[in-house]
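Take a look at the letters that make up each chain.
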Amino acid sequence: MNSAILNILAQAPNQLEMSTLVEDSRWQAVIARDGASDGKFVFAVSSTGVYCRPSCPPKRPRRENVSFFRHAREAESAGFRACLRCRPRSVAGNPRQVLVKSICRYIEQHLDEPITLSQLGAEFHQSPFHLQRTFKAVLGITPKEYANSCRMRDFRLKLKAGQSVTRAMHEAGYSSTSRLYSRTTSEMGMEPAKYRRGAIAAPIRYTCADSPLGRILIAATDKGICSIQFADSDEELEQGFKQEFPFALRRRDDQGLADLTEKLMRHMQGLAVATALPLDIQATAFQRRVWRYLESIGFGQTRSYAQVAKAIRRPSAIRAVAHACASNPVAIAIPCHRVVRSNGDLAGYRWGLQRKKMLLEMEAGKRPLQQS
């Protein structure tokens, strides 16, 4: 009996020391706002009655007021309430991403009313400045740009569903026609009435020609090129063009588009730059950021999806970058073929990996330029 008691007494200091080491390491994680520790424990502050994630951004409390718990439910059982800023009960990963996701859902539910930064700050217990900075750091755009993008997306969908411009405008959250028309030129490339149901009645000219990659279709509005596609036959090209602009007034105009075709061929040879090509395309705010960066990639050069994401200050948005590349409506003019995997391998290409390979080899000078 005495021996057992002595063993317990001998182990007690070691256990106490171990507990102190664990608490010290947790405190260091709190001081460093270590996001990697999120989900491993929470800390509670006796002076406020609130418990938080280790990465919670507010000012650090005094050490003597802090206690640690393995789970949120333990902290709540002890009488603490969850922080409204870092939302420690969420099981999702990065709390900033959780916060931004919540802001996005809120914006989507209030598109029919003007949303200010002050309103968002009050709703999510953030200063307007900090909220906007966090939102832009995660998504790469401001809350206002996100709201505008959502409204324009809804507006386009409602027009394609056959709604009138007026009805679609109000249901998408636009308060006036002047506000709507001020955005449609840059976002849609044409007036709303013309875009309705796949650009109904909008005149779009197109031509089909030979290229080093097979047959190519180039389509343009009065403002610039709106579609560049590749296929093995004119029939296949025209079918894809019809699906993209189902109700437009499509007219083949080989002679009228000869100059644009020549400029594009010269660009493929590296004799002209993409900025010389007039474009008339639709894009979300994020797509525009990606496409603008792609246009800066030099002829014969490549970047990985991760490099593109980092360059536009969205390092975690690699999949979104890949989706933006796949959504590019004007092949060659916006060089999405210059984006490859991190190991240099070719990833998916809307017009086929063989064409992507040929383009890169041609730009690198490994393949002579010949009309097929």
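Just so we're clear, the structure is a prediction, and the values are computed from it rather than from any experiment. (Residues numbered from 1 in each chain as written. Predicted model: local features only at pLDDT ≥ 70, side-chain atom pairs only at ≥ 80, totals over all residues. Heavy atoms only, no water.)

A. Molecular detail of the sheet that holds strand E3 (residues 66-69). Taking strand neighbours across the sheet as the criterion, the 4 strands line up as E3-E1-E2-E4 in an open arrangement whose pairing is mixed. Two strands in the sheet have a free side with no partner beyond their single neighbour: E3 and strand E4 (81-82). Pairing analysis gives 4 bridges linking strand E1 (residues 42-45) to E3, with the strands arranged antiparallel. Paired with Phe43 across the bridge in E3 is Phe68. (Pairing = 2+ DSSP bridges. Helix = DSSP H or I, 4+ residues; strand = E, 2+ residues; numbered from the N terminus.)

B. Here's a closer look at unusual backbone geometry. Non-glycine residue Arg313 carries a positive phi angle of around 65°. Within the secondary structure, Arg313 is located in the loop between helix H13 (305-311) and helix H14 (318-326). In this structure, Ile332 takes a positive phi of about 75° despite not being glycine. You can see Ile332 is positioned in the loop between H14 and strand E10 (339-340).

C. Molecular detail of the packing of helix H12 (residues 285-294) against H14. Between H12 and H14, the shortest axis-to-axis distance is 9 Å and the interhelical angle comes to 75°. One element, H12, and the other, H14, form an angle in the roughly perpendicular class. On H14, the residues that touch Phe286, Gln287, Val290, Trp291 and Leu294 of H12 are Ala320, Val321, Ala324 and Cys325. Residues of the contact of H12 with H14, tallied by class, amount to 8 nonpolar, 1 polar and no charged. (Axes fitted to C-alpha atoms, helices over the stretch in contact; angles between N-to-C directions. Parallel < 35°, antiparallel > 145°, perpendicular 65-115°, else oblique. Contact = heavy atoms within 4.5 Å. Nonpolar A, V, L, I, M, F, W, Y, C, P; charged D, E, K, R; others polar.)

D. Spatial organisation of the sheet that holds strand E5 (residues 203-211). Spatial strand order, E7-E6-E5-E8: 4 strands in an open sheet with mixed pairing. The open sheet has two free edges, formed respectively by strand E7 (225-231) and strand E8 (249-252), since each of these has just one partner strand. Averaged over all pairs of adjacent strands, the angle between strand axes in this sheet comes to 25°, irrespective of strand direction. Here E5 runs beside strand E6 (residues 214-220); their pairing, made up of 7 bridges, is antiparallel. Bridge assignment links Ser211 to a residue of E6, and that residue is Gly214. Its contacts with the sheet put helix H10 (residues 234-244) on E5, E6, E7 and E8, and the angle it makes with E7 is roughly 140°.

E. Region of the structure containing the packing of aromatic side chains. One pass over the structure, following the stated rule, counts 5 aromatic pairs. Plain terms: the ring middles of Phe69 and Phe80 are 5.9 Å apart, the flat faces sit at 55° to each other, and that makes the pair tilted. Of the two residues, Phe69 is situated in strand E3 and Phe80 in the loop between helix H2 (72-77) and E4; the sequence distance between them amounts to 11 residues. Ring centres of Phe135 and Tyr146 lie 6.1 Å apart, and the angle between their planes is 65°; on these two criteria the pair is classed as edge-to-face. One end of the pair, Phe135, is in helix H5 (residues 128-139); the other, Tyr146, is in helix H6 (residues 143-160), with 11 residues separating them in the sequence. (Phe/Tyr/Trp six-rings, centres within 6.5 Å; stacked < 30°, edge-to-face > 60°.)

F. Representation of the side chain of Lys356 within the structure. Among the secondary structure elements, Lys356 is positioned in helix H15 (residues 353-363). Discounting chain neighbours no more than four positions away, the residues touching Lys356 are Tyr305, Cys336, His337, Val339, Leu346, Ala347, Gly348 and Tyr349.

G. Representation of the pattern of salt bridges in the model. This structure, assessed with the given rule, holds 12 salt bridges. Across the salt bridge formed by Glu74 and Arg70, the nearest N and O atoms sit 3.1 Å from each other. Across the salt bridge formed by Arg251 and Asp253, the nearest N and O atoms sit 3.9 Å from each other. The network of salt bridges with common partners includes Asp210, Arg215, Asp234, Glu238, Arg252 and Asp254. (Salt bridge = Lys/Arg side-chain N within 4 Å of Asp/Glu carboxyl O.)

H. Examining the state of the cysteines more closely. The final tally for this structure, using the stated rule, is 0 disulfides. Counting only cysteine sulfurs, Cys336 is the nearest neighbor of Cys325, a cysteine outside any disulfide, at a range of 5.9 Å. On the basis of relative accessibility, which here comes to 7%, the residue Cys325 falls in the buried class. (Disulfide = S-S within 2.5 Å. Buried < 20%, exposed > 50% of the residue type's maximum accessible area, 1.4 Å probe, protein only.)

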